[in-house]
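Topology and contacts: notes
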Amino acid sequence: MKKQLLFLFILLFTFITSSGFAQSKTVTGTVNDVQGISLPGVNVIVQNTNRGTQTDFDGNFSISVEEGEVLEFSYLGYATQTVTVGQDDVINISLQEDAGELDEIVVVGYGTQSKRKLTDNVAKLTSEDIDEVPVPSIQSTIAGKAAGVQISPTNGKVEGGVNIRIRGIASIGAGSEPLYVLDGVPLINSNESNNGSPTNPLLTLSSNEIESIDILKDASAAAVYGSRGANGVVIITTKKGANKKASFNLNYSYGISEPTNTREWLNAAEYVELFTEAALNSVDDGVFSTDAEATDYINGIFDFLSNGTDWQNREVDTDWQDLALQNGHVQDASLSVSGGNEATQYFFSGAYNDTEGIVTGNMLERINGRVNVTHSFNDRFRAGMNMSFSRTDIDRIANDNAFVTPLQAIAQPALSPAYTEDGEPNPNTLYPNFLLQDKHAFYNTVIRRVTGRAFGEYRFFDFLKFNSDFGYDLYYQTEDSYTGRLAPFQSTNGEAYASSVGTESYVSSNYFTYSQTFGDDHDLEFVAGMEYNQSKRRFQDVTGIQFPTDDFQTINSAAEITAGSGSETANSFLSYFGRLNYILMDKYLFKASIRRDGSSRFGENVRYGTFPAISAGWILSEEDFLSGSNVLSFLKIRASYGETGNANIGDFAALGLFGGTSYNQRPGITPTQAANPQLTWESVKQTDIGLEYGFLDNRISGEIDYYNKKSDGLIFNQPLPGTSGQASIVRNIGVLENKGVEFVLNTKNVETDDFTWSTNFNISKNNNEVKELPNGADVVSGQTILREGEPLSAFYLVEYAGVDPENGDALYYINGEGSGRETTTNPNEANRVIAGQPYADWIAGLTNTIYYTGFDLNFTFVGEWGASIYNGGGIYQSANADYFDNQSRDQLNRWQQPGDITNVPEARLFGGNGTASSTRYLQDSDFIRLRNLTLGYTLPGSLTENIGLEKFRVYFTGINLLTFTDYDGYDPESTSDAGQGVGVTFYSAPAVKTMSLGVNINF
């Protein structure tokens, strides 16, 4: 290690002595755009010399010059500006945008880079893409905005998890979520929910404080994050101050929410008709001896379900769906102030979100605060701090698989009254009445989060600086529940549960950045450093029963403590990294990076790994044979290869573990986990080839990419023989491949003083395939299978063949393909087939942005094709009256007499006619959705100036306003949150449609 450091300093010293830095004075300053926003990465060159520098992240620069020399400020996307050095030691520059240029600055690991000169695939979103979108989750604002990035909300609950997949899913047993980095701090992103359904840990972030989101998609971009970059990296950068007077921004919106879709269920009359017929049809199957017996039986069931009301005259006709789903609201408010001077820049913000969900009993309230400050002590040293706090309070409901979750109320027959005559929830229903749970129980989750970063930067010379950062993330969650004696399933005079979990992570990063230009042809940047990251987690919970009254709801009042647990765990990463960028003649681009990671999570023999990457690009439009083209304005080809890893597994997964146990109230020790000292991270090798283009002065621009991403050494549990004493062992087994193409098209359709219209379209195709499994053996789990040569978690089901038109029997294909296949009425005689996949082949997004004399309109459509959803509740709710659950309306189309052509078998009570798990309940989930729409109007400046305002804008925002799909379930994006398998829906809440009115004021 000492030799490596010595070599680094010798290299830096060589650069220093060869550059010539002894000049008569040092000039400092800041480069902003015309709106006062600082610009990082601006080239500051002394004309006719090889001396130069770049502005830092806050737009500041420092350079040694002599009076009379000319400084040239160039930044792609802006017009170049020159200034002659005089007696002043401070030069502040305001650059004008140049519509003819194609460029933006993207945030990459440990720095920034011009997208024009980028050899990686990075998708960038700015605050304009995510502001004023009234959803609790920032991930939802990304949907449709970046090619190859799929955003999938679990369901319509306010706290529901959100899955982000970048270029497909790269893992089976380890985590598939990307690494989130907030202002240089890797974020804790573990689900800590204990009620059976996941929460989204990033609910704690507010979109009002975010400046940009950069998504590192290929391995060349993500490799600098080493063992945690396999699923891509999402870099979130918060807003900061600028060298200008204080500016306040106030934003407030209020909206109403409703389900995107509801389903039709049988009313009371239809229920009586269908189930009477089903009971009579069951006589032939021997369930009942005579029609009279069947009639008496079903009438007795109707008497019970109606709870003493007159079902024969349809006295009660309850719409249980209307009770489970409701109209909610979203209230969102934020206030921020930013500004500063040459030395100090600041940004302060506070935000409040109040969301009442569309599912009864589901609510969220969140407060956020942020402080970002940067101060330059002199022309060499600056330091700063980013600090935020949030508190998120969630009133939760049970997971999708619990009888007391509201949406399972759709199984209640319409004959059953929801309330008794005295107004209390009816306790005598087919399944437990969720209204009893809503009234006599609660489940509350509170998440408190503190994130912070303190940083310092010392510039030794114009071309050499040192950064030292310390980041901290505290995720502290408490959960409390109480189930009263009148709630369903409660027979212990009340039960209370309390838990707390605290996870804290800190990261220390120290790195050098060398950036130098040599003449007009050579541009070199070198970053090298090390990083240490440690996380600790502590969990404890307790359960108590037997309360004197439901007015006492905390553990302290429990007469008996029935359960309790506690655990502590920790992990650490030690990393060394380096990145080299070299640009020749402003058109030949080269980049190489390497990271050496060590993790405590893996076996002692394989704890360290090396993750290299290399990429290159060629800006062909700078060549003489293309530079004079009136049509082609930009053309770049690039290629990259890199290796990343996935360390997203449990702590101590490689160790042989023992735990305490009790045997006849005597303490003991028992083995709990088999050791595997060879366990290491999943390795992902990715190749990317891309083309970036611009035509007609960049009025038409975009990208085309092909990628191949292969995951090796997949981590999951492998079963062990019972004689081993352990059920399974965690091993690296299996290979998974994702490959695909991405296409991006940006157009400036109209550009005049009064009217502008631009469009972004992106579409991507991803092929996912399991390449290798242990011994080539299939792994079947529920309705899905892992099989070599097939997509990951493909649906593996008996194939439904429809209904026999002669007798109404449900039929299943035995095997084979094509017409004339043999069928059977016994699903156990039919072979399972691969019938679909839970992951989309194609995803797309279309965004239009229009401005016209004060009016602005922005809307985004998203679409997905090629995936399927399996309705796990279909065997109960669309089962042609097999049991007493209320049925979906389409079951009225059942077979009734010979010759009927239908897909719904004959109704038979307890007949199991067509209710086997099969492709009958599998559907394509293709959809196109208007994800968000914003229409605003900004008052003319002549009016706002008279009342002392910089800006006054009113706007309307809509979320999920339109959905086009053939899927007849609740929602093509909603799946179960109860761990029932990927792509499975089970009484899952639909997505939320929201319509809000808001006002945005700057002063």
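Computed from a predicted model, the values in this text were never measured in an experiment.

**Regarding the overall build of the protein**
For the protein, the helix and strand inventory stands at 10 helices and 52 strands. Taking all 1003 residues of the protein together, 56% fall into the buried category. Considering only contacts in the protein between residues 6 or more positions apart, those separated by 24 or more positions represent 69%. By element, 52% of the accessible surface of the protein is carried by carbon and sulfur atoms, the whole surface being about 40,800 Å². Charge separation in the protein, taken as the distance between the mean sites of 67 positive and 123 negative side-chain charges, equals 9 Å.

**Structural notes on helix α5 (residues 291-306)**
Spanning 16 residues, α5 covers 22 Å between terminal C-alpha atoms, matching the ideal 22 Å at 1.5 Å per step. Every buried residue belonging to α5 is among A294, I298, I301, F302, L305 and S306, and all of these are buried. When α5 is viewed along its axis, its buried side chains cluster within an angular range of 125 degrees and face the same direction. The inward-facing, buried residues of α5 abut α4 (268-281). Positive backbone phi, at 55 degrees, marks N307, one or two positions downstream of α5.

**Structural notes on the pattern of salt bridges**
Following the criterion strictly, the structure yields 53 salt bridges and no others. Notably, a salt bridge pairs E209 with R370, separated by 2.3 Å at the nearest N-O pair. Placement of E209 in the loop between β14 (185-186) and β15 (210-216) and of R370 in strand β20 (residues 363-376) is noted, with a sequence separation of 161 residues between them. Residue D473 is joined to R449 by a salt bridge in which the shortest nitrogen-to-oxygen separation is 2.8 Å. Remark: R449 occurs in strand β22 (residues 441-461) and D473 occurs in strand β23 (residues 464-483); sequence separation between them is 24 residues. What emerges from the salt-bridge pattern is a single network uniting K115, R167, K217, K636, R638, D688, E692, E703, D705 and E742.

**Details of the sheet that holds strand β6 (residues 78-84)**
One open sheet accounts for 4 strands, arranged β3-β2-β5-β6; its pairing is antiparallel. This sheet does not close on itself; its edge strands, each paired only once, are β3 (52-54) and β6. With direction set aside, neighbouring strand axes in the sheet form an average angle of 15 degrees. By the bridge criterion, 5 bridges tie strand β5 (residues 70-75) to β6 in an arrangement that is antiparallel. Following the sheet pairing, V70 is matched in β6 by T84.

**A closer look at the nonpolar core**
Here is a general trend for soluble globular proteins: nonpolar side chains tend to be buried in one another's company. Grouped together as the largest cluster of nonpolar side chains are 42 residues, with contacts concentrated most on Y271, F275, I298, F302, L415, F884 and L909. Sorting the residues of this core by element identifies α4, α5, α6 (320-324) and α7 (434-440) as the ones contributing at least two each. With 7 residues, the top contributor of residues to this core is α4. Once you skip the residues sitting within four places of it in the chain, F302 turns out to touch Y271, V272, F275, T276, W311 and L415.

**A look at α4**
The periodicity of an α-helix, 3.6 residues per turn, causes residues three or four places apart in sequence to face the same way. The end-to-end C-alpha distance of α4 is 20 Å, a good match for the 20 Å that 14 residues give at a rise of 1.5 Å each. When we look at burial in α4, the residues that qualify are A268, E270, Y271, V272, L274, F275, E277, A278, A279 and N281. On the buried face of α4, the contacting elements are α5. For α4, the N-terminal cap is N267; the gap from its side-chain oxygen to the backbone nitrogen of A269 is 3.2 Å.

**Quick word on a nonpolar patch on the surface**
Together, F248, L250, L335 and F1003 line one region of the surface with nonpolar side chains, adding up to about 310 Å² of accessible area. Position of F1003 relative to the elements: it lies in the segment after β52 (992-1002).

**Comments concerning unusual backbone geometry**
Backbone geometry at R167 places phi at a positive 60 degrees, although glycine is not the residue there. Its place among the elements puts R167 in the loop between β12 (162-166) and β13 (179-182). One non-glycine residue with positive phi stands out, namely L696, at about 55 degrees. Locating L696 in the fold gives a position in the loop between β32 (682-695) and β33 (700-712).

**Considerations on the pairing of β32**
Relative to β32, strand β29 (residues 632-646) runs antiparallel, the two sharing 14 bridges. Looking at β32, one finds that E643 is bridged to K685. The antiparallel pairing of β32 with β33 creates a hairpin that spans 4 residues between the two strands, and L696 there sits at a positive phi of about 55 degrees.

**Quick notes on the confidence of the model for the protein**
Per-residue confidence for the protein gives a mean pLDDT of 90; residues scoring 70 or more make up 96%. Across residues 1-23 the pLDDT falls below 50, and counting only partners more than four positions away or on other chains, this stretch makes 24 contacts in the model.

**Considering the packing of aromatic side chains**
Tallied over the full model, the rule gives 38 aromatic pairs. With centroids separated by 5.3 Å and ring planes inclined at 25 degrees, the aromatic side chains of F377 and F381 adopt a geometry described as stacked. Residue class for F377 comes out exposed when judged on its relative accessible area of 52%. Note on F381: relative accessible area 30%, which makes it partly exposed. Plain terms: the ring middles of Y883 and F910 are 6.2 Å apart, the flat faces sit at 45 degrees to each other, and that makes the pair tilted. Of the two residues, Y883 is situated in the loop between α9 (874-877) and β48 (922-924) and F910 in the loop between α9 and β48; the sequence distance between them amounts to 27 residues. One aromatic cluster is present, formed by Y271, F275, F288, Y297, F302, W311, Y883, F884 and F910 through successive ring pairs. Between the NZ or CZ atom of R821 and the centre of the ring of Y813, over which it lies, the distance is 3.8 Å. When the ring centre of F927 is taken as reference, the NZ or CZ atom of R929 above it lies at 5.8 Å.

How each quantity is defined
- Residues numbered from 1 in each chain as written.
- Predicted model: local features only at pLDDT ≥ 70, side-chain atom pairs only at ≥ 80, totals over all residues.
- Heavy atoms only, no water.
- Helix = DSSP H or I, 4+ residues; strand = E, 2+ residues; numbered from the N terminus.
- Buried < 20%, exposed > 50% of the residue type's maximum accessible area, 1.4 Å probe, protein only.
- Contact = heavy atoms within 4.5 Å.
- Areas by Shrake-Rupley, 256 points an atom, 1.4 Å probe, with all protein chains shown as cover.
- Lys, Arg positive; Asp, Glu negative; His and termini not counted.
- Charge placed at Lys NZ, Arg CZ, Asp CG, Glu CD.
- Expected span 1.5 Å × (residues − 1).
- Arc of directions from axis to C-beta.
- Salt bridge = Lys/Arg side-chain N within 4 Å of Asp/Glu carboxyl O.
- Pairing = 2+ DSSP bridges.
- Axes fitted to C-alpha atoms, helices over the stretch in contact; angles between N-to-C directions.
- Core = buried A, V, L, I, M, F, W, Y, C linked by side-chain atoms within 4.5 Å.
- Polar contact = N/O pair within 3.5 Å; in protein donor to acceptor, adjacent residues only side chain to side chain.
- Patch = residues over 30% accessible without salt bridge, like charges linked within 9 Å, V, L, I, M, F, W, Y side chains within 5 Å.
- pLDDT = per-residue confidence, 0-100.
- Phe/Tyr/Trp six-rings, centres within 6.5 Å; stacked < 30°, edge-to-face > 60°.
- Lys NZ or Arg CZ within 6 Å of the ring centre and 35° of its normal.

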